[in-house]
Amino acid sequence: MKLLGIETSCDETAAAIVEEGREILSNIVASQVDIHAPYGGIVPEVASRQHLITVIPIIQEAMAQAQAQWRDLDGIAVTIGPGLAGSLLVGVNIAKAIALAQSLPLISINHLEGHIYANWLEGREPDFPCLCLIVSGGHTDLLLMRGHGDYLPLGRTRDDAAGEAFDKVARILDLGYPGGPAIEQAALSGNGALHPLPRAWLKGSDDFSFSGLKTAVLRLVEEKQNLYPADVAASFQQAVVDVLVTKTIAAAKRLGAKQILLAGGVAANRLLCQTLDQRSSLPVLFPSPLLCTDNAAMIASCGYFHLKAGHSTGWDLDVTPNLRLA
Ligand code: KG4
Ligand code: ZN
């Protein structure tokens, strides 16, 4: 089965063709980073209008690269949330139009579930039950995946998401946008043990909290003169990774998970992947960086498993900007 995946939830316009939920035939991503960078963050109206301009050429490029014709497709999977309403509408509308014109099943996808399915795209076959840590710009979710589409939510952030913390701290340190890659790059030449920063363990809970850490960085920068931003970036990154890794491993052990799956943009962070891999006695799976950040291959993969389970949606499909997983 070949599925076209469409992803427009935030600031990436993406389309991909995936075979049997696992083999990427094409994976095209048009980033809007340069357009939003002068504002230091995403401007929703600008994002949705840019999706409108880009979405059809990106789909055409994905079809051409996969050497696919419309009649080769078995379904269209599209992100319906969580995300920016105006951005989601563009993807859902074009997905509906193509599905209607080609009499194809339309499959609605939760963006967060899509991130998890990036782990099926590089020749691996995750083993259930697995512990999933989704770390993105908007979410920090810990859940137990017991089978396809079967999730037990464990914990989430009580304030800032991990990626959001990276973005905000990068702004404090004047490192640019998006913050995650900027912090990771700066940290390479910094000493992560130099500035002791707080870790919110929230003992007895699988929840996370990163706003205290962000405030501590702000206070440090305001109070100390002649700071080397690389040291602050490294110390911050170390604090985030410590908490994510320790809590994920503890939950995996407690629940008898067979594997740990990392997903979402922050999973592109090498220190996070390496530290989790080193400290965990369980196998740790994480997608390569380009499949960690927003893309449509993960949406098409997730769509395949839903379609196989008999799920498809009607023409009255709407977007759900605050959609949750499980
Ligand atoms: O999953 P994603 O592409 O979009 C959302 O669904 O939010 O995640 C974007 C987030 C941003 O906050 C970005 O700063 C962060 O992922 N990110 C990283 C890295 N690459 C992207 N954070 C830490 N290290 C990275 N290398
Ligand atoms: Zn995402």
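Residues numbered from 1 in each chain as written. Chains lettered and ligands numbered in written order. Predicted model: local features only at pLDDT ≥ 70, side-chain atom pairs only at ≥ 80, totals over all residues. Heavy atoms only, no water.

Caption draft 1: Representation of helix α3 (residues 85–102). Look at α3: 26 Å from first C-alpha to last across 18 residues, which is about the 26 Å you get at 1.5 Å a residue. For α3, the complete set of buried residues consists of Ser87, Leu88, Val90, Gly91, Val92, Ile94, Ala95, Lys96, Ile98 and Ala99. Following α3 by one or two positions, Ser103 has its phi on the positive side, about 50°. (Helix = DSSP H or I, 4+ residues; strand = E, 2+ residues; numbered from the N terminus. Expected span 1.5 Å × (residues − 1). Buried < 20%, exposed > 50% of the residue type's maximum accessible area, 1.4 Å probe, protein only.)

Caption draft 2: Spatial organisation of the site of ligand 1. Lining the immediate environment of ligand 1, one finds 19 residues, of which His115, Gly137, Asp167, Gly180 and Glu184 sit closest. Within the backbone of Gly137, a nitrogen or oxygen atom sits 2.8 Å from an oxygen atom of ligand 1. A distance of 2.9 Å separates an oxygen atom of ligand 1 from a polar backbone atom of Gly180. For the shell around ligand 1, the secondary-structure elements that each account for two or more residues are α4 (111–117), α5 (162–172) and α6 (179–187). If you tally residues by element for the shell around ligand 1, the top one is α6, at 4 residues. (Near = heavy atom within 4 Å. Polar contact = N/O pair within 3.5 Å; in protein donor to acceptor, adjacent residues only side chain to side chain.)

Caption draft 3: Representation of the packing of aromatic side chains. With the rule as written, the count across this model stands at 7 aromatic pairs. For the pair Tyr117 and Phe305, a centre-to-centre distance of 5.3 Å together with 35° between the ring planes defines the contact as tilted. Taken together, the positions of Tyr117 in helix α4 and Phe305 in helix α11 (residues 297–308) put the pair 188 residues apart, joining distant regions of the chain. On the basis of relative accessible area, Phe305 is assigned to the buried category, the value being 8%. Taken together through their ring pairs, the aromatic side chains of Tyr117, Trp120, Phe128, Tyr304 and Phe305 make up a single cluster. Looking at Lys247, its charged tip hangs above the ring of Phe208, at a distance of 5.5 Å from the centre. (Phe/Tyr/Trp six-rings, centres within 6.5 Å; stacked < 30°, edge-to-face > 60°. Lys NZ or Arg CZ within 6 Å of the ring centre and 35° of its normal.)

Caption draft 4: Structural detail: the coordination of the zinc ion (ligand 2). Coordination of the zinc ion (ligand 2) by the protein is provided by His111 (NE2), His115 (NE2) and Asp294 (OD), with metal-donor distances spanning 2.0 to 2.1 Å. Taken in chain order, the donor set of the zinc ion (ligand 2) reads H-x3-H-x178-D. With a gap of 183 residues between them, His111 in helix α4 and Asp294 in the loop between α10 (289–292) and α11 connect regions that are remote in the sequence. Note on Asp294: relative accessible area 13%, which makes it buried. (Donors = N, O, S within 2.8 Å, 3.2 Å for Na, K, Ca; no water.)

Caption draft 5: The environment of Gly86, seen in detail. Considering the arrangement of structural elements, one finds Gly86 in helix α3. For the pair Gly86 and Pro44, spaced 42 residues apart in the sequence, the C-alpha separation amounts to 7.2 Å.

Caption draft 6: Representation of the sheet that holds strand β4 (residues 75–81) in the model. If you walk across this open sheet you meet the 5 strands as β3-β2-β1-β4-β5, and the pairing is mixed. Each edge of the open sheet is held by one strand with a lone partner, namely β3 (23–31) and β5 (106–110). On average, adjacent strands in this sheet sit at an angle of 20° to one another, irrespective of strand direction. Looking at chain direction, β4 and β5 are connected through 5 bridges and run parallel. By the bridge assignment, Val78 is partnered in β5 with Ser108. With respect to the sheet, helix α2 (residues 44–65) is in contact with β1 (2–7), β2 (12–19) and β3, its orientation differing from that of β2 by roughly 25°. Sheet contacts for α11: β1, β2, β3, β4 and β5; angle to β1, the most-contacted strand, approximately 130°. (Pairing = 2+ DSSP bridges. Axes fitted to C-alpha atoms, helices over the stretch in contact; angles between N-to-C directions. Contact = heavy atoms within 4.5 Å.)

Shape is all these values report; function is a separate question.
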